[in-house]
Amino acid sequence: MAPSATAIEREHKLFEYATEKSVDTAEIPLEEGWEKLREQGIEVIVDVLRRCATTCQPFGNKGYVSLYTISYRMCSSVGNRDHSKALYDRSQQELISISQSVLGELKQIHDTSTHCAETFLRHFAHHWANHKILVKWIQQLFRHLDNGYVANTSRATLTSVGLRAFYDHVFIPLKFELSEAIFFAIDCHRDGKDVDLGLIRSCVDVFPIMVLASRVSNLASIQAATNTQMEVSLYLHEFESKFLRRASDYYAQNSKQWLELASASNYLYKVETIIRQEAELSHQILHASTRDKLLKVCQRELLERHADAIVNQGTGMHFLLEHDHPEDLQRMYLLLHSSPNGAAAMTCNFHHFALGRAKAILKERAERVLRLKAEGKVASADDPVMVEQLLALRTRLTSMIATFFAGDSQFERALDSALQDVANNDISKETTNIEIFVMYTDRILSGKIKLPDESMEHTLNELLHLFLLIADKDLYAERYREQLAKRLLAKRYVSLHTERAMIVKLKTQQGAPFTTKLEGMINDFTIGEDLGRSWSSLRETSCRSGIKFEFSVQVLTQGFWPAQKQRELHLTSELQEAKTQFNAWYKERHSHRLLAWIHALDNVVVRAMLRTRSYDLLVSTFQAIALLLFHNSHVSLAFRDVCERMRIDSATGRRVLHSLACGKHRVLLKTGHRKVIDPALDQFKPNKLFTSKLKRFSITMPVLDAERRRDLESDVQHQRNFSIDATCVLLSSYCSQLP
């Protein structure tokens, strides 16, 4: 912007005056020189700033050089008086006078614009910007004072004097009004009104600089003051503390109303938006140290104080879980997990949700049991539906924890607690959950459920998690041992490698003593293969001595395998001869071992010719002996006759004959009721009209050891008593050794 004609004329006269005084080397009187400096220097600067021409130069080069020459010669002319102190004091007084006039103007603006904080802030920011320009120019005009007089007297620099004048006469009298205006403008911004954030930032930045103004006296320039590391004590005490209280009051007042009018998900979305906006606001207008404190206030007032209400209201966490709102669940966790009340309320709701879903699965199982009872059927422990539902529920909720709740261990414990309550809550006394879990594991390991290797590994790991929830792990081990024995003896296993892998998983979780017997069973079975090959070579030789059928034996170590009751059974002469030969052969190899034959575990393949077609029947030894009684016989046998010839008791006879005459494959015919054995009246004979689409099939028989289940539980309890007694003795011995 080009200088006006008046300014050019003024600077020309000033230049002539300065040149004349320099050529004559005459003393410039204090009053005369100060009048020139004040009227044609300081007042010109003030006039330019009042006209809002902050980007305009108040002087040209000629004018600035002239003013500086006058002030310099008044202080450093040889042989003349040094007016440095007088110029310093008068410059200081001029800055104070200008600041006082600014104070009066700002007070008047504040009083007349009570409801318009932005007007007051705009004028304050304008005067602050003008004051910095004024101080800069005064420092430039009297720079020689800083270099000489100030350096020799240790007085404050002109920059420090100028800032101190603004601090004492503008900032201190108006700091309350300034803070309130800033707070009001920020509240308007929070309410969605259009507010100039740059204006607010310029006003907030005054606070740290005012600390320098009140404490530092050696500031070289305004630029140096703004570049100096700020001391924020005044900002923290006079602004930040009040600002945080104001924010706390604002959100405390509004949050309750927002929560009452909105659902939990909508409220959380609003809170998330507010926190993001507050973070942006803090970055734009506040000191960096305020951000975390402000967000903590928002967290406390918007979330922590209402955590229970947010989570537990009708549209809270349980509603979100029931209706599958993943984004809202994730938002709820991210906002509330750091709050103790929020985290506790969320995990409690998640626990109740998981428990409710698990109990629903248990209820379905109970309904199936009742339905089967109404139909006259017995519910089996082999119920894959319940286990698959529990596994699917755990997989879904585990995935939810990993995805929405950042894998939080509190939620994992809540899920385990809920599933644990269900896993240890048996539907009926006839079949426990432990039996159901063991039977499902048996389905996997026996190959009834076909799975690829990776899926099988995953499923076994999931079943292991269910196992860890069970309280009676010792009882589980015994049930598992029974099913493992059945798989190994019937050779119904996917692979020994898979069996060993599952045992290793159990061993890793429960320790070596827990799986000692299971490992012994696998070792027995592996060693039995070598023994079987040796016996097979002998059997080929023995065919000439009467053994005309395939006959293999599995030797079991009594301590490892489930205990079995020895039952008397009258074998055929061929079977007895094979048994005798094996006893003799085994005794030669292991003279110190005794063999006890458990016929309840035997498996026999019987080839039967029924209605001109042959069938291969997979049966037990008891069933095979019963069938052989009817070989080449057309005469019916009474129940008592069958039992006497087989030398078995009535209870065993019922199970054997029921499986052959009343089951799915009725290879025997009986008189009387089709499904009930009457020992006194029933007669049995071969079913010559039997047909089946299968050439090879299995005829299952009820377990002979009907009381084995009760005995097993009694044995487990007995073993627990031993363990408890041993622990008590060990503890007492330790206590006795204490000083």
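Rules of the game
Residues numbered from 1 in each chain as written. Predicted model: local features only at pLDDT ≥ 70, side-chain atom pairs only at ≥ 80, totals over all residues. Heavy atoms only, no water. Helix = DSSP H or I, 4+ residues; strand = E, 2+ residues; numbered from the N terminus. Contact = heavy atoms within 4.5 Å. Phe/Tyr/Trp six-rings, centres within 6.5 Å; stacked < 30°, edge-to-face > 60°. Buried < 20%, exposed > 50% of the residue type's maximum accessible area, 1.4 Å probe, protein only. Salt bridge = Lys/Arg side-chain N within 4 Å of Asp/Glu carboxyl O. Patch = residues over 30% accessible without salt bridge, like charges linked within 9 Å, V, L, I, M, F, W, Y side chains within 5 Å. Areas by Shrake-Rupley, 256 points an atom, 1.4 Å probe, with all protein chains shown as cover. Pairing = 2+ DSSP bridges. Axes fitted to C-alpha atoms, helices over the stretch in contact; angles between N-to-C directions. Parallel < 35°, antiparallel > 145°, perpendicular 65-115°, else oblique. Left-handed = near helix turned anticlockwise from the far one by under 90°. Nonpolar A, V, L, I, M, F, W, Y, C, P; charged D, E, K, R; others polar. Expected span 1.5 Å × (residues − 1). Bend = angle between axes of the 7 residues up to and from the residue. Core = buried A, V, L, I, M, F, W, Y, C linked by side-chain atoms within 4.5 Å.

Q: Could you give an account of the side chain of Ser265, with specific residues and numbers?
A: Topologically, Ser265 is positioned in helix H12 (residues 264-285). In this view, Ser265 contacts Thr315, Leu320 and Asp328; residues no more than four positions away in its chain are not counted.

Q: Give a description of the packing of aromatic side chains that names residues and reports values.
A: Under the criterion given, the structure shown has 30 aromatic pairs. Centroid distance Tyr64 to Trp137: 6.2 Å. Interplanar angle 65 degrees. Geometry classified as edge-to-face. Of this pair, Tyr64 sits in helix H3 (residues 61-76) while Trp137 sits in helix H5 (residues 117-141), and the two are 73 residues apart along the sequence. Taking relative accessible area as the criterion, Tyr64 reaches 22% and is therefore assigned partly exposed. With centroids separated by 5.2 Å and ring planes inclined at 85 degrees, the aromatic side chains of Phe171 and Phe207 adopt a geometry described as edge-to-face.

Q: Help me get a handle on the pattern of salt bridges, residues and values and all.
A: Tallied over the full model, the rule gives 32 salt bridges. Salt bridges here are not isolated pairs; linked through shared partners, they connect Glu180, Asp187, Arg190, Arg246 and Glu278.

Q: Quick rundown of the environment of Ala358? Include the residues and the values.
A: On the secondary structure map, Ala358 appears in helix H17 (residues 340-374). Using a relative accessible area of 0% as the deciding quantity, one classes Ala358 as buried. For the pair Ala358 and Met74, spaced 284 residues apart in the sequence, the C-alpha separation amounts to 96 Å. Among all residues touching Ala358, those that are not within four sequence positions of it are Leu390, Leu393, Leu419 and Val422.

Q: Run through a nonpolar patch on the surface, naming residues and quoting values.
A: Together, Leu730, Leu731 and Tyr734 line one region of the surface with nonpolar side chains, adding up to about 320 Å² of accessible area. With respect to the helices, strands and loops of the structure, Leu731 is situated in helix H29 (residues 708-737). Assessed through its relative accessible area of 48%, Leu731 is described here as partly exposed.

Q: Which residues make up the sheet that holds strand S1 (residues 604-610), and what values do they have?
A: Pairing is mixed in the open sheet, where 3 strands are placed in the order S1-S2-S6. Every other strand in the sheet has two partners, leaving S1 and strand S6 (696-698) as the edge strands with one partner each. Ignoring strand direction, the axes of neighbouring strands in this sheet form an average angle of 30 degrees. Its contacts with the sheet put helix H26 (residues 621-628) on S1 and strand S2 (613-619), and the angle it makes with S2 is roughly 145 degrees.

Q: Kindly report on the pairing of strand S5 (residues 683-686), identifying the contributing residues and their values.
A: Bridge analysis of strand S3 (residues 637-638) against S5 gives 2 bridges, and the strand direction is antiparallel. The residue bridging Leu637 from the neighbouring strand is Phe684, located in S5.

Q: Now, about the packing of helix H4 (residues 84-112) against helix H6 (residues 143-153): what can you tell me, with residues and values included?
A: Close contact between H4 and H6 brings their axes to 10 Å; oriented N to C, the two are set at 115 degrees. As the angle between them shows, H4 and H6 are arranged roughly perpendicular. Here the hand of the crossing between H4 and H6 comes out left-handed. On H6, the residues that touch Ser84, Lys85, Leu87 and Tyr88 of H4 are Leu145, Tyr149 and Val150. For the contact of H4 with H6, the residue count by class is 5 nonpolar, 1 polar and 1 charged.

Q: Lay out helix H7 (residues 158-190) in plain terms, naming residues and giving numbers.
A: Its 33 residues give H7 an end-to-end C-alpha distance of only 41 Å, which falls more than 12% under 48 Å, the value for a rise of 1.5 Å per residue. Maximal helix bending in H7 amounts to about 65 degrees, located at Lys175. Looking one or two residues past H7, Gly192 carries a phi angle of roughly 95 degrees, positive in sign.

Q: Give a description of the environment of Met346 that names residues and reports values.
A: Mapped onto the elements, Met346 comes out in helix H17. A residue is classified by how much of its surface remains accessible, and Met346, at 0% relative accessible area, is buried. Those residues in contact with Met346 that sit more than four places away from it in its chain are Val311, Met317, Met332, Tyr333, Leu336, Phe405 and Phe411.

Q: An account of the side chain of His306 is needed here, citing residue identities and associated values.
A: Residue placement: His306 occurs in the loop between helix H13 (290-303) and helix H14 (307-312). By relative accessible area, which is 15% here, His306 ends up buried. Those residues within four positions of His306 in sequence are excluded, and the remaining contacts are Ser255, Lys256, Leu259, Tyr267 and Glu301.

Q: Report on the sheet that holds S5, specifying residues and quantitative values.
A: One open sheet accounts for 3 strands, arranged S3-S5-S4; its pairing is antiparallel. One side of each edge strand has no neighbouring strand; the edge strands of this open sheet are S3 and strand S4 (668-670). Where S4 meets S5, 3 bridges bridge the pair, whose relative direction is antiparallel. In the sheet register, Lys670 faces S5, and the bridge partner there is Phe684. Set on the sheet, helix H28 (residues 650-661) makes contact with S4 and S5; between it and S4 the angle comes to about 105 degrees.

Q: Go over the packing of H5 against H7 with me, naming the residues and quoting the values.
A: The N-to-C vectors of H5 and H7 enclose an angle of 170 degrees; their axes lie 10 Å apart at closest approach. When the axes of H5 and H7 are compared, the pair comes out roughly antiparallel. Here the residues of the contact of H5 with H7 sort into 17 nonpolar, 5 polar and 1 charged.

Q: Pulling in residues and values, what's your account of the nonpolar core?
A: A general trend in soluble globular proteins is that nonpolar side chains are found buried together. By size, the foremost hydrophobic cluster in this structure holds 173 residues, and its most contacted members are Leu121, Ile182, Ile200, Met210, Met317, Phe350 and Phe405. The element contributing the most residues to this core is H7, with 16 residues. Non-local contacts of Met210, meaning those with residues more than four positions away in its chain, are made with Trp128, Leu163, Phe166, Tyr167, Phe171 and Leu234. In terms of nonpolar packing, the next biggest core, distinct from the first, is built from 33 residues, Ala626, Leu629, Phe630 and Cys643 among them.

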